[in-house]
2 protein chains.
Amino acid sequence: MNTTNNNQPQVVVLGAGFGGLTFCQAISHPTAQVTLVDRQNHHLFQPLLYQVATAGLSAPEIAQPIRSILRNKRNVNVLLRDVTGFDLARREIWLGDDVLTYDYLVLALGSKTGYFDHPEWEQYAPGLKSLDDALGIRRRILLAFEQAENSADPAERESLMTIVVVGGGPTGVELAGAFAELTRRVLKRDFRQIDPRQARVILLEAMPRILRPFSERLSAKAVTQLTRLGVEVWTNVRVETIGDGFLQLADGRRIKSANILWTAGVIANPLTRKLGVELDRAGRVIVNSDLSVPGHPEVFAIGDLALVRNERGQPVPGVSPAAMQMARHTARLIEDDLNNETTNPRARTAFEYWDKGTMATIGRSAAVAQIGRLEFSGWPAWAAWLSVHLIFLIGFRNRLAVLLQWTYSYFTYKLGSRIITGLNDSRKTDQDPDEEPMVCSSKK
Amino acid sequence: MNTTNNNQPQVVVLGAGFGGLTFCQAISHPTAQVTLVDRQNHHLFQPLLYQVATAGLSAPEIAQPIRSILRNKRNVNVLLRDVTGFDLARREIWLGDDVLTYDYLVLALGSKTGYFDHPEWEQYAPGLKSLDDALGIRRRILLAFEQAENSADPAERESLMTIVVVGGGPTGVELAGAFAELTRRVLKRDFRQIDPRQARVILLEAMPRILRPFSERLSAKAVTQLTRLGVEVWTNVRVETIGDGFLQLADGRRIKSANILWTAGVIANPLTRKLGVELDRAGRVIVNSDLSVPGHPEVFAIGDLALVRNERGQPVPGVSPAAMQMARHTARLIEDDLNNETTNPRARTAFEYWDKGTMATIGRSAAVAQIGRLEFSGWPAWAAWLSVHLIFLIGFRNRLAVLLQWTYSYFTYKLGSRIITGLNDSRKTDQDPDEEPMVCSSKK
């Protein structure tokens, strides 16, 4: 490919999430040529994805074209391509019929929703990882209310107006809280035949408490705040089966719902299986302390798809700050290698994760935050959450637009993104035979 | 259906465009029950649709949920449904298996792209009428540049980097101008292998001049401004064939392009054929002077799908101000009928179109405007165009967001909406079998 036709050191980065993007921004070397490969043309601000799913924000407000973020990094080349395989021994990456060779490889392919041993559940209970997931969930739920408005069958209405979120982690809590507000506040006056405030939002957690990364005290506070919003929090419930429009629990209870969402599991990008290196149960690459892949000092794995243990032996969590820290660490190591023109893994410094704390938002002026020993909840935690996320939103325009929209929504409860696209022409626009292949096919 | 289970006068409005929506806002009667039916959940600000197609604005910025616009009109009931047929004699509208009965019917179903006798061209040269059209065009063109970046074949690159807009009307001119700016200004530094400024944007017009609604002088000015932006304006060219990736002209010339867009024809919503009333060549309903359908004083046709002649015998143009004027006229007539409890078409006043003037934008601070005898172009026309469109944008949030984004884009040339969705998961999210039927199916 045109990107490899020279003798400068080639650094290939796979994935333009927080890890891959931060790496491209951090690495600076006079001759190194960086190639960033992603199957999407945009970087996604994952922490706010639930806002798109719940019609609080529109897609472009949390996504930026990768090219425009990196337009001033002249040594970075962006490819919108699908990675299909690897040959680490020959230092090759396969992109369909094309081959990309590298001197250094940074794996930042992230993670996807995991359904444990039940892949068949995905069709009935979508996860929330990509913009398309978010837009699909939004469409599904808005259409459910439209159909409920049209339906005279009480049982059908109830199933259409029941939203079940499986998984009491931060994403599940954020989704449940946002859906409660959407139905209780935003949609309340939009319909004539149904009362959206009657909608049920149920949050299911298999463990005794939600938000396990947080202290018991904050978990309890989160439950209180969710309940106040109208969310039913069910803990200690195990899902036995998920089918079309229903969910069967291990204790025999059965929930009929047209809107089942899954946030209970995460696995590394399945491409890791094609690496031929050791993985953990979640498909994550078990890396050396310097984040390099065992046996391949020129290959690094960062972010969600790397299993890294902190000094206390616990795995570093799959959160954006961790991915960004790993990216900067890797960039430094590669620069050092290139400068010394040697590759000596033993000389490399180990990665150390600095935990800046965790927060989860629950709703308007409701959140929980844990920063080291410091714990807080309610309005202060929400304000902290808001500012942190606005600060880290990539792209000034988005930050301003998001702040504007939130301020406006905060006072009016009107959400501006309740648009359903892809209803009638979806085949034409999204199934266009000219398009999909375009992304992959490319001549030598 | 639950909406017709009472004895109050039933007014059914089909289509939530400028006409249908304005009617719902204008009609006020103590007992009249209004039901607004649309296949989409949003009202679309058509005049800015080209901005979505050219990645200048994001979909929610020019679309508003119909329900939220009408949330305070308690006598208006909104149905997200597909109209499948009519029985005017029995005053019935068919929505799949459901039947909607009416005392008054307002047809405001709008128009769609027309390909004259060549429906097969649609697959190769999409039109621009819906949000999905716009998002599809945006995706198609952004992907073409991505593929050009990947391609080493000069011929393929040229075809990928050639944008052909067929039709020199306002929409065609706006699209061509916006694409010229997108390639010349916005994308210019985003790629490494290609120079987007080399992209060709060709505007084809069969007549001797573009923008026929305007004076010859303004047409000429428009050509000058388009050329300055980098658009090639070809007039007097007739299209013979459009195929996959090429366009054959009557004069023998052949253009290879992966991005052919069609704005050369408009026909009324094909549903008019199911009315069993007289139509013109473009499928428009030929209405009485009061906008009622001949033989059906209780049925009115407004907006793009009505053929109305002004006092000089010329058809009223298919523009939003005309549709809104017709809507208010119809609302008044129906109120009068209901108040007198009689229906006497002869007593009705005829519709009179007040032409407020026409404008077309060409690019940043480039436009043409004609208001009666007054003609202007360039910056003043653009400023006028901008303010008129911002004033008429429905929804405060959108207006503010659009203004903010435009101001920002104006000074930075960065466009924030260059996001491609529906690349990988499009089948899952847009082909979800649970979704599409939801819109139509409904129990009695």
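Above this text sits the structure in question.
Keep in mind that what you see is a predicted model, and the values were worked out from it rather than measured.

1. Describing the side chain of A:His329
Its location among the elements puts A:His329 in helix 9 (residues 320-340). For A:His329, the residues in contact, after removing those within four places along its chain, are A:Asp290, A:Leu291, A:Thr349, A:Ala350 and A:Phe351.

2. Regarding helix 8 (residues 216-229) of chain B
All names here are of chain B. Here helix 8 contains 14 residues, and its C-alpha end-to-end distance of 20 Å stays within 8% of the 20 Å for a straight helix at 1.5 Å per residue. For helix 8, every residue scored as buried is listed here: Leu-218, Ser-219, Ala-222, Gln-225, Leu-226 and Leu-229. The arc that holds every buried residue of helix 8, seen down its axis, measures 125 degrees, which confines them to one face. In helix 8, the exposed residues that point more than 90 degrees away from the buried face are Glu-216 and Arg-228. Contacts from the buried residues of helix 8 go to helix 7 (170-186), strand 12 (200-204), strand 13 (231-234), strand 23 (358-363), strand 24 (366-371) and strand 25 (374-377). Phi turns positive, to about 110 degrees, at Gly-230, one or two residues after helix 8.

3. Thoughts on the sheet that holds strand 24 of chain B
Residues and elements named next belong to chain B. One open sheet accounts for three strands, arranged 23-24-25; its pairing is antiparallel. Edge positions in the sheet fall to strand 23 and strand 25, since each of these pairs with one other strand and no more. Each adjacent strand pair in this sheet contributes to an overall mean axis angle of 5 degrees, direction not counted. Pairing between strand 24 and strand 25: four bridges, direction antiparallel. Along strand 25, the bridge assignment pairs Ile-371 with Leu-374. Running at roughly 170 degrees to strand 24, helix 8 makes contact with strand 23, strand 24 and strand 25 of the sheet.

4. Considerations on the packing of aromatic side chains
Summed over the entire model, instances satisfying the criterion amount to 14 aromatic pairs over all chains. Ring geometry for B:Phe116 versus B:Trp262: centroids 6.1 Å apart, planes at 75 degrees, classification edge-to-face. With B:Phe116 in the loop between strand 10 (111-113) and helix 5 (131-150) and B:Trp262 in strand 17 (residues 259-262), this pair connects stretches of sequence that are 146 residues apart. Residue classification places B:Phe116 among the exposed positions, given a relative accessible area of 59%. Cluster of aromatic residues (ring-pair linked, three or more members): A:Tyr115, A:Phe116, A:Trp121 and A:Trp262. The ring of B:Trp234 has B:Arg253 sitting right over it, with the charged end atom 4.5 Å from the ring centre. The ring of B:Phe246 carries B:Arg254 above its face, with NZ or CZ at 3.9 Å from the centroid.

5. A closer look at the pairing of strand 14 (residues 239-243) of chain A
Residues and elements named next belong to chain A. One ladder, built from four bridges, connects strand 14 with strand 15 (residues 246-249); its direction is antiparallel. Looking at strand 15, one finds that Val-239 is bridged to Leu-249. Connecting the antiparallel pair strand 14 and strand 15 is a turn made up of two residues, with Gly-245 showing a positive phi of about 85 degrees.

6. Quick look at a nonpolar patch on the surface
Side chains of B:Val388, B:Ile391 and B:Phe392 sit close together on the surface and give an oily, nonpolar patch of about 260 Å² of accessible area. Relative to the helices and strands, B:Phe392 is located in helix 10 (residues 379-392).

7. Points about the sheet that holds strand 11 (residues 162-166) of chain A
Within a beta sheet, neighbouring strands are joined by backbone hydrogen bonds and run either parallel or antiparallel to one another. Residue and element names in this part refer to chain A. Spatial strand order, 13-12-11-17: four strands in an open sheet with parallel pairing. Unpaired on one side and paired on the other, strand 13 (231-234) and strand 17 (259-262) mark the two borders of the sheet. Averaged over all pairs of adjacent strands, the angle between their axes in this sheet comes to 15 degrees, without regard to strand direction. Seen against the sheet, helix 5 (residues 131-150) touches strand 11 and strand 17 and runs at an angle of roughly 160 degrees to strand 17. Together, strand 11, strand 12 (200-204), strand 13 and strand 17 form the strand contacts of helix 7 (residues 170-186), whose direction differs from that of strand 12 by roughly 175 degrees.

8. Considering the pattern of salt bridges
What the rule picks out here adds up to 28 salt bridges over all chains. Its salt-bridge partner being A:Arg348, residue A:Asp337 comes within 2.5 Å of it at the nearest N-O pair. On the criterion of sequence distance, the pair formed by A:Asp337 in helix 9 and A:Arg348 in the loop between helix 9 and strand 23 (358-363) is long-range, its members being eleven residues apart. For the pair A:Asp337 and A:Arg348, one class covers both residues: buried. For the salt bridge of B:Asp280 with B:Arg284, the shortest nitrogen-to-oxygen distance reads 2.9 Å. Sharing partners across several salt bridges, the network here consists of A:Asp290, A:Asp337 and A:Arg348.

9. So, unusual backbone geometry
All names here are of chain A. Even without being a glycine, Arg-91 presents a positive backbone phi close to 55 degrees. Structurally, Arg-91 can be placed in the loop between strand 6 (85-87) and strand 7 (92-95). The exposure class of Arg-91 is partly exposed, given its relative accessible area of 34%. Not every positive phi belongs to a glycine, and Leu-211 is a case in point at roughly 50 degrees. Its place among the elements puts Leu-211 in the loop between strand 12 and helix 8 (216-229).

10. Topic: helix 7 of chain B
Helix length check: helix 7 of chain B, at 17 residues, gives a terminal C-alpha distance of 22 Å against a target of 24 Å (1.5 Å per residue), a fit within 8%. Of all 17 residues in helix 7 of chain B, 14 are buried, a share of seventy percent or more.

11. Remarks on the side chain of A:Gln370
Residues and elements named next belong to chain A. Within the secondary structure layout, Gln-370 lies in strand 24 (residues 366-371). Residue classification places Gln-370 among the buried positions, given a relative accessible area of 15%. A distance of 3.2 Å separates polar atoms of two side chains, one belonging to Gln-370 and the other to Glu-375. Ignoring any residue separated from it by four or fewer positions in sequence, one finds Gln-370 in contact with Pro-213, Phe-214, Ser-215, Leu-218, Gly-357, Thr-358 and Glu-375.

Reading guide: rules and limits
Residues numbered from 1 in each chain as written. Chains lettered and ligands numbered in written order. Predicted model: local features only at pLDDT ≥ 70, side-chain atom pairs only at ≥ 80, totals over all residues. Heavy atoms only, no water. Helix = DSSP H or I, 4+ residues; strand = E, 2+ residues; numbered from the N terminus. Contact = heavy atoms within 4.5 Å. Expected span 1.5 Å × (residues − 1). Buried < 20%, exposed > 50% of the residue type's maximum accessible area, 1.4 Å probe, protein only. Arc of directions from axis to C-beta. Pairing = 2+ DSSP bridges. Axes fitted to C-alpha atoms, helices over the stretch in contact; angles between N-to-C directions. Phe/Tyr/Trp six-rings, centres within 6.5 Å; stacked < 30°, edge-to-face > 60°. Lys NZ or Arg CZ within 6 Å of the ring centre and 35° of its normal. Patch = residues over 30% accessible without salt bridge, like charges linked within 9 Å, V, L, I, M, F, W, Y side chains within 5 Å. Areas by Shrake-Rupley, 256 points an atom, 1.4 Å probe, with all protein chains shown as cover. Salt bridge = Lys/Arg side-chain N within 4 Å of Asp/Glu carboxyl O. Polar contact = N/O pair within 3.5 Å; in protein donor to acceptor, adjacent residues only side chain to side chain.

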